[in-house]
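# Results of the structural survey
Chain residues, written in single-letter form:
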Amino acid sequence: MRDIDPASLAFVVQEPPAEAAAFREAAGSPHAFISDEDGALHEAFGVAKGTLAQFAGPTVIIRAFQASRNGFSMRKTTSNPRTLGAAFVLDQEGRIVWTRHARHAADNVSTDELTAALRSAQRS
């Protein structure tokens, strides 16, 4: 997603600002990382808290194993580990024009899906 205009994309994370900045730097992202430590923004946007099955179900375990085989490892979270992922695209007036809520902890929006949603919003 590094190719997406930095003014068009921001990540909202529940980590403290220093950790969000460190992750942004480690990822080499040109985009803003907004710290939502208390989860108020996540709650306002209706981002769900997951159930045990959404965090430890078969699909999540399989994806975690696949990720570790590809060199990715889990790190200790400092945020609410029950918060599922979500992605939103807002138009120029700040209206939500596209939403994608994760069905489980390993259900991340793809770069292609997000890029298509951003392009669609820019055209409207």
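In what follows, the accompanying structure is described. (Residues numbered from 1 in each chain as written. Predicted model: local features only at pLDDT ≥ 70, side-chain atom pairs only at ≥ 80, totals over all residues. Heavy atoms only, no water.)

## A look at the nonpolar core
Ranked by size, the top nonpolar core spans nine residues in total: Ile4, Leu9, Ala87, Val89, Trp98, Leu114, Ala117, Leu118 and Ala121. Residue assignment for this core shows that the elements contributing at least two residues are β3 (86-90) and α5 (111-123). Of the residues forming this core, the biggest block, four residues, is contributed by α5. Dropping the residues within four chain positions of it, alanine 121 is found in contact with Val89 and Val97. (Core = buried A, V, L, I, M, F, W, Y, C linked by side-chain atoms within 4.5 Å. Buried < 20%, exposed > 50% of the residue type's maximum accessible area, 1.4 Å probe, protein only. Helix = DSSP H or I, 4+ residues; strand = E, 2+ residues; numbered from the N terminus. Contact = heavy atoms within 4.5 Å.)

## Some thoughts on the packing of aromatic side chains
According to the stated counting rule, one finds three aromatic pairs in the structure shown. Ring pairing ties together the aromatic residues Phe11, Phe23 and Phe33, which thus form one cluster. (Phe/Tyr/Trp six-rings, centres within 6.5 Å; stacked < 30°, edge-to-face > 60°.)

## Some details on the environment of serine 68
Mapped onto the elements, serine 68 comes out in helix α4 (residues 58-69). Here the alpha-carbon distance between serine 68 and asparagine 108, two residues 40 residues apart in the chain, equals 16 Å. In terms of polar contacts, serine 68 uses its side chain to reach the backbone carbonyl oxygen of phenylalanine 65, at 2.9 Å. (Polar contact = N/O pair within 3.5 Å; in protein donor to acceptor, adjacent residues only side chain to side chain.)

## Here's the deal with the environment of glutamate 19
By secondary structure assignment, the location of glutamate 19 is in helix α1 (residues 17-27). For the pair glutamate 19 and glycine 57, spaced 38 residues apart in sequence, the C-alpha to C-alpha distance is 28 Å.

## Structural notes on the side chain of histidine 104
As for its placement among the helices and strands, histidine 104 is situated in the loop between β4 (96-101) and α5. Filtering out sequence-adjacent residues up to four positions away, histidine 104 remains in contact with Gln54, Thr59, Val60, Arg63 and Leu84.

## A short note on α4
Taking 1.5 Å of rise per residue, the 12 residues of α4 would be expected to cover 16 Å, and the 17 Å separating its terminal C-alpha atoms lies within 8% of that figure. In the segment just after α4, glycine 71 is the residue with positive phi, at about 95°. (Expected span 1.5 Å × (residues − 1).)

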